[in-house]
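# Observations on chain architecture
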Amino acid sequence: MTTRPLPWMPSHSGDVEAQPAGHSWDAVKVPALIGKAALTFLGGDSGAVIADGKCALWYWLVAPGAAADWTLHRVLGKGAYVAVPPADRTRGPGLHWRVPPTPGRCLTEPATLHAALLAAGHTVKHCHRCDRMTAEPVIVADVHGATGSGRIIHACPACAPHYPPPYDPLTQIATDRRALEGRSR
């Protein structure tokens, strides 16, 4: 006999089922690297999380409409479908529950999730060279604009050696000064 702890949950040992978002929950779609960091920040405050190992995506379940105005990550609500694994699939490599739902712990509190995702986003950067996300970003350039604005360019540890060392104007001034002093003697 199989049990379905939640009405939308596929039965134990069943197949993945597409479930409509916007009814029992909305799903917040997050890159897995950010998801991993966010889950660390959330700790026991996380509700259910679906992990898609093939696409490196995680989905947090939140109350319908609770994250509709977010621009931080994609929110799947009414009109969208989410692939939901069976209740007992808690390991990858494919679609599985990273944090399985229980009747008492299914939805994550939206404000708490939003804060965790913001914090996680500051720990993960895109590599400028390979465009992959990295949790170990290396600063390879600090680009300054004419208006005083600028940006930091990051690379992953594997790509960082392909960039020239950062230019340090103070070191260059000191080198130039020593060179001039050597000529005047």
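Residues numbered from 1 in each chain as written. Predicted model: local features only at pLDDT ≥ 70, side-chain atom pairs only at ≥ 80, totals over all residues. Heavy atoms only, no water.

As a further point, take helix α1 (residues 32-42). Within the span of α1, buried status applies to Ala32, Ile34, Gly35, Ala37, Ala38, Leu39 and Leu42. If you follow the buried residues of α1, they end up packed against β2 (26-31), β4 (57-62), β7 (95-99), α2 (110-123) and β9 (133-134). Downstream of α1 by one or two residues, Gly43 has phi in the positive range, about 55°. (Buried < 20%, exposed > 50% of the residue type's maximum accessible area, 1.4 Å probe, protein only. Helix = DSSP H or I, 4+ residues; strand = E, 2+ residues; numbered from the N terminus. Contact = heavy atoms within 4.5 Å.)

Turning to unusual backbone geometry, a few remarks are in order. Across the chain, the bulk of peptide bonds are trans and the bulk of non-glycine residues have phi less than zero. With an omega dihedral of 20°, the bond running from Gly92 to Pro93 counts as a cis peptide bond. Within the secondary structure layout, Pro93 lies in the loop between β6 (81-84) and β7. Despite not being glycine, Ala56 shows a phi value in the positive range, around 55°. When you line up the elements, Ala56 lands in the loop between β3 (49-52) and β4.

End to end, α2 covers 20 Å across 14 residues, agreeing with the expected 20 Å (1.5 Å per residue, within 8%). Those residues of α2 that fall on the buried side of the exposure criterion are Pro110, Leu113, Ala116, Leu117 and Ala120. Along the axis of α2, the buried positions cluster into a sector of 125°, meaning they face one direction only. Facing away from the buried side of α2 by over 90 degrees, the exposed positions are Ala111 and His122. Buried residues along α2 sit in contact with β2, α1 and β4. Where α2 begins, one side-chain oxygen reaches toward the backbone nitrogen of Ala111, 3.2 Å away; that side chain belongs to Glu109. (Expected span 1.5 Å × (residues − 1). Arc of directions from axis to C-beta. Polar contact = N/O pair within 3.5 Å; in protein donor to acceptor, adjacent residues only side chain to side chain.)

In short, shape yes, function no, at least from these values alone.
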